[in-house]
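Report on the structure
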Amino acid sequence: MYTPISSNPSPPSSAKVCKLQNSFEPGFVAKGDYIIGGIFPLHYNQEMPDLNCTYRPPVKCNGFDPRAFRWAQTMRLAVEEINQSAELLPNYTLGYKIFDSCGYPLTGQRAALAVLNGLSEDDSPTCSGASPLLAVIGESGSAQSMVVSRILQPFRIPMISYFSSCACFTDRQNHPTFFRVIPNDDYQVKAIAQLLVHFNFTWVGLVRGDHEYGRFAVQGLLRELQGTKVCVAYQEIIPMLYNRQRTLEILQVMRSSTAKVVVVFSTEGELTPFLRDYMTQNITGIQWVASEALITASVFTASEYYPYLGGTIGFGIRKGKISGLSDYLRTVNPRSLLPSCSGQETLLEQHSAYMNTSSPRVAYNVYKAVYAFAHSLHNLLLCQPGSGPFQYNSCAQSNNIYPWQLQHYLQEVTFNIAGEEVNFDLKGDSISYYDILNWQRGMGGNIEYVNVGLFDGTKPAGEELLIQEDRIMWMPMSVCSTSCLPGSRKAVRRGEPVCCFDCVPCDSGKISNQTNSIECTFCPDDFWSNIDKTVCVLKIVEFLAYDSLGIALTVISVVGASITIAVFAVFFYHRNTAIVRVNNSVLSFFILFALTLCFLCSLVFIGEPTYWSCMLRHTIFSITFSFCISCILGKTLVVLAAFTATRPGDNIMKWLGPKQQSAIIFICTVIQVVICAAWLIESPPFPSQNTQYEMSKIILECSVGSSLAFWCVLGYIGLQACLCFILAFLARKLPGNFNEAKVITFSMLIFCAVWLSFVPAYISAPGKYADAVESFAILASSFGLLFCLFAPKCFIILLKPEKNTRQHLMGK
């Protein structure tokens, strides 16, 4: 601020003198043996001068901040207490110079330069010897502190900030003389991140001021949110110099966004005009999460703010207790600072926030900062020559103390104040504690700060946050997508943040038993998902049991066998009648016996498959049916031979006597027995669990073992049936009132039709129904043979006995 001018420019040896071009007077000054500076935002707005370098108009500050004014008075109170103390700095007094920064870096720079001078700029000594200033208490905002720190750094003057929490100050290379009694923002953003996760605020907006505090805080918060479920919907920056057009753009983003939670890193100075437009636009339903710079701002406690800011939650500086502060504040004359005041009234009448000393937070930080300086200076003055910390074990000279010498003691200071331990780590940070505050309506309609929890940075990770949720005013949910319930999984939408997703039901056989599952997990082999896809349950074991279907097949089987036995009894009783004798009674009894076995063999297919039942199923079925068809084949040959033998010279019947018939039946049956024996020896059927056809069930079935053997068995029966059908078809026009060949032809036609339809039905039938289809085919073909072969004969025997004569049967 000084310009060298020449009193006589002509001679080269003319003396140069310095002339003060402008001055920046402090708000408060007090003389003392040692001077400490103070910088406070006594105003929160300023009118920018015309920086055309042609003249130097004074900066005009507007918007008196009673809270910051209280902080400045707290510094004065602390200095006066120390000066009156008989234990701390006895025989020495502290002086101070307190400047107004207007909450703006440019004015903070002027304050920092002014505070470097002596008590009066007019008679300030030149830069020789130790600095008249040992330390600075300030600044509030991180942007202002950044400027002040860089100005003080060349002079190695330590500064103790009471409200600058930016994590950027931990860089000791750029800020070697910076200390603070407020927690580092790294802890605050960690606390805010844990708060968002705790309340499941997964879709949030970020609003910050255009300064280092906001920039570093947002960077830290985004870093903390990595790996969590919280996503950021938008990031907006409030200009440092108010711009209404830009503010309206930000408000439009907030109004249109689905994010109902907004995290704000800003100071009250820049946020005040922003919130005025916010209220004018009548935007409601926003849950604000405020940083420590805003959460205790008394300027927003008026009742008109409650409809828009009520419910705000955030982390405030831990409150303390300053005895005598309230009485001291009442003694301050406001005339010098407030032009609107005459000096006769008290600040309480115009600014109630000034007297709000019930829970000092930032003021308590100012109080601790002054005492940290005093204790450090006290320890410095107690140094004994020869045991000092400096070169050659020297101590600082009490009448010529350098600021860097004080910084050494400030780094190591430890003291207790109001039961709280105060010290600094190697980066100049103090212990991190935060109160969790919630803005609620007071008795008079204004906003009150309700303490609803604590963040203790000294606790282990994950245990720092303690919240009393029952004391918190209701807060809305803020999610981009509602949570996916158990039984579904999250499917991220393309091109959108991970918090925006769709809920997709789990596939069959997979479950999710947690909310917002990222993926569904497979059930174990023997388990399947329930209907809700939330738990794995044992798969349904399915086989042809004695349920409704099994019982029905059993009844049909027993009924069929009973009818067959009844027919057998009828034939046996009328064995001497013409129709029984003509139709070869022995073969008829064999056929009825085989049909009885065919009916009963279907029972083997019902029930849980076992090793023995699987082997018996197809072997008994194939042998009994082969035996039955062999008997019918023998009977067909006999019928065909009987009618052809009536021609003169034919002696074919001598080749089809009883022994030959038995041999035919035996040979045809033995072939099937051999096939079955080879099947059982080489690759027998065995019980198996089929989990592929229907994944939700375990189908107990009999695996055929050798598919070739299975189809050979069926093919052999089919070959016998086709041969029998062909022979019977050839004899269908033979004479006689009762032509047995026609009956056999029709029965073989039904038999072949049943088993031809069985093949596709068996292959396509699911689970237990495959066994049911095979059992039904056995019963259907058995009934077909029984009724086609024996129903006409039983009709004549029982209802038309007059036709049961040789003459009638032979006809012509």
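Anyway, here's the lowdown on the structure attached to this text. (Residues numbered from 1 in each chain as written. Predicted model: local features only at pLDDT ≥ 70, side-chain atom pairs only at ≥ 80, totals over all residues. Heavy atoms only, no water.)

1. So, empty space enclosed by the protein
Where we set the bar: Cavities and pockets were defined on a 1 Å grid built over protein atoms only: a cavity is a set of grid points that admits a 1.4 Å probe from which the probe cannot escape, a pocket is an open set flanked by protein on both sides within 12 Å along at least five of seven lines, and lining residues are those with an atom within 4 Å of any such point. Grid points are joined across faces, edges and corners, and a volume is the space filled by probe spheres set on the points. Any residue outside Ala, Val, Leu, Ile, Met, Phe, Trp, Tyr, Cys, Pro, Asp, Glu, Lys and Arg is labelled polar, Gly included; the first ten of those are nonpolar and the last four are charged.
Counted by the stated rule, this structure contains three cavities of 30 Å³ or more. Considering only enclosed or pocket space, the second largest cavity measures out at about 100 Å³ in volume. Surrounding the second largest cavity, Asn200, Thr202, Lys229, Val479, Ser481, Ser483, Lys490, Cys499, Phe501 and Asn516 form its lining. For the lining of the second largest cavity, the residue count by class is three nonpolar, five polar and two charged.

2. Remarks on the sheet that holds strand β27 (residues 540-542)
The following threshold applies: DSSP bridges decide pairing: two strands pair if at least two such bridges lie between them. Secondary structure elements follow DSSP: runs of H or I of four or more residues count as helices, runs of E of two or more count as strands, with numbering from the N terminus. The angle between two axes is taken between their N-to-C directions and runs from 0 to 180 degrees, where each axis is a line fitted to C-alpha atoms and a helix contributes only its stretch in contact.
Spatial ordering of the open sheet is given by β27-β29-β28, a layout of three strands whose pairing is mixed. Of all the strands in the sheet, just β27 and β28 (686-690) have a single pairing partner and so form its edges. Across this sheet, the average inter-strand angle for adjacent strands is 25 degrees, counted without regard to direction. Bridging between β28 and strand β29 (residues 697-703) involves five bridges; their strand directions are antiparallel. Note on β29: the bridge partner recorded for Gln689 is Leu700.

3. A short note on the sheet that holds strand β18 (residues 433-441)
Sheet strands pair via backbone hydrogen bonds, and the direction of the pair is either parallel or antiparallel. For the record, the criterion: The contact rule is simple, with two residues in contact once any of their heavy atoms fall within 4.5 Å.
Taken together, the eight strands give an open sheet; going across it, the order is β12-β11-β13-β14-β15-β18-β19-β20, and neighbouring strands pair in mixed fashion. Of all the strands in the sheet, just β12 (231-238) and β20 (465-467) have a single pairing partner and so form its edges. Strand-to-strand, the axes of this sheet are offset by a mean angle of 30 degrees, without reference to chain direction. Pairing of strand β13 (residues 261-265) with strand β14 (residues 287-290) involves four bridges; the strand directions are parallel. Its bridge partner being in β14, Val261 is matched across the sheet by Gln287. Lying on the sheet, helix α6 (residues 244-256) is in contact with β11 (203-209), β12, β13 and β14; it crosses β12 at an angle near 165 degrees.

4. So, the packing of aromatic side chains
Rule in force here: Each pair of aromatic rings taken from Phe, Tyr and Trp, with Trp reduced to its six-membered ring, is defined by centres within 6.5 Å and is described as stacked if the planes are under 30 degrees apart, edge-to-face if over 60, and tilted in the remaining cases. Note on geometry: a ring has a charge over it if NZ (lysine) or CZ (arginine) is within 6 Å of the ring centre and within 35 degrees of the ring normal.
Applying the stated criterion to the full structure yields 37 aromatic pairs. Taken together, a centroid distance of 6.0 Å and an interplanar angle of 40 degrees make the contact between Trp439 and Tyr449 tilted. One end of the pair, Trp439, is in strand β18; the other, Tyr449, is in strand β19 (residues 447-456), with ten residues separating them in the sequence. An aromatic cluster of three or more residues is present, and its members are Phe621, Phe625, Phe751, Trp755 and Phe758. Sitting over the ring of Tyr433, Arg318 keeps its end group 4.4 Å from the ring centre. The ring of Phe790 has Lys793 sitting right over it, with the charged end atom 5.8 Å from the ring centre.

5. Quick look at the state of the cysteines
What counts is decided by this rule: For this text, the term disulfide refers to a pair of cysteine sulfurs within 2.5 Å.
Applying the stated rule across the entire model yields eight disulfides. With its sulfur 2.0 Å from that of its partner, Cys480 forms a disulfide with Cys500. Measuring the twist about the S-S bond at about 105 degrees, one finds the Cys480-Cys500 disulfide to be right-handed. Within this pair, whereas Cys480 is found in the loop between β20 and β21 (488-492), its partner Cys500 is found in the loop between β21 and β22 (501-505), the two being separated by 20 residues in sequence. Left unpaired, Cys601 is separated from the closest cysteine sulfur, that of Cys598, by 5.5 Å.

6. Digging into the pattern of salt bridges
Filter applied, for reference: Salt bridges, as used here, are contacts in which a Lys or Arg side-chain nitrogen is within 4 Å of a carboxyl oxygen on Asp or Glu. Here's how the labels work: a residue is buried when its accessible area is under 20% of the maximum for its type, exposed when over 50%, partly exposed in between, all with a 1.4 Å probe on protein chains only.
Counted under the stated rule, the structure contains 13 salt bridges. Its salt-bridge partner being Glu249, residue Arg246 comes within 3.2 Å of it at the nearest N-O pair. Separated by three residues within a single helix, Arg246 and Glu249 lie in helix α6, roughly one turn from each other. In this structure, Glu420 engages Lys368 in a salt bridge whose closest nitrogen and oxygen atoms are separated by 3.2 Å. Here Glu420 is found in strand β17 (residues 420-423), whereas its partner Lys368 is found in helix α12 (residues 362-381), with 52 residues between them in sequence. Residue Glu420 shares its accessibility class with Lys368, and that shared class is buried. Taken together, the salt bridges that share partners define one network made up of Glu236, Arg246 and Glu249.

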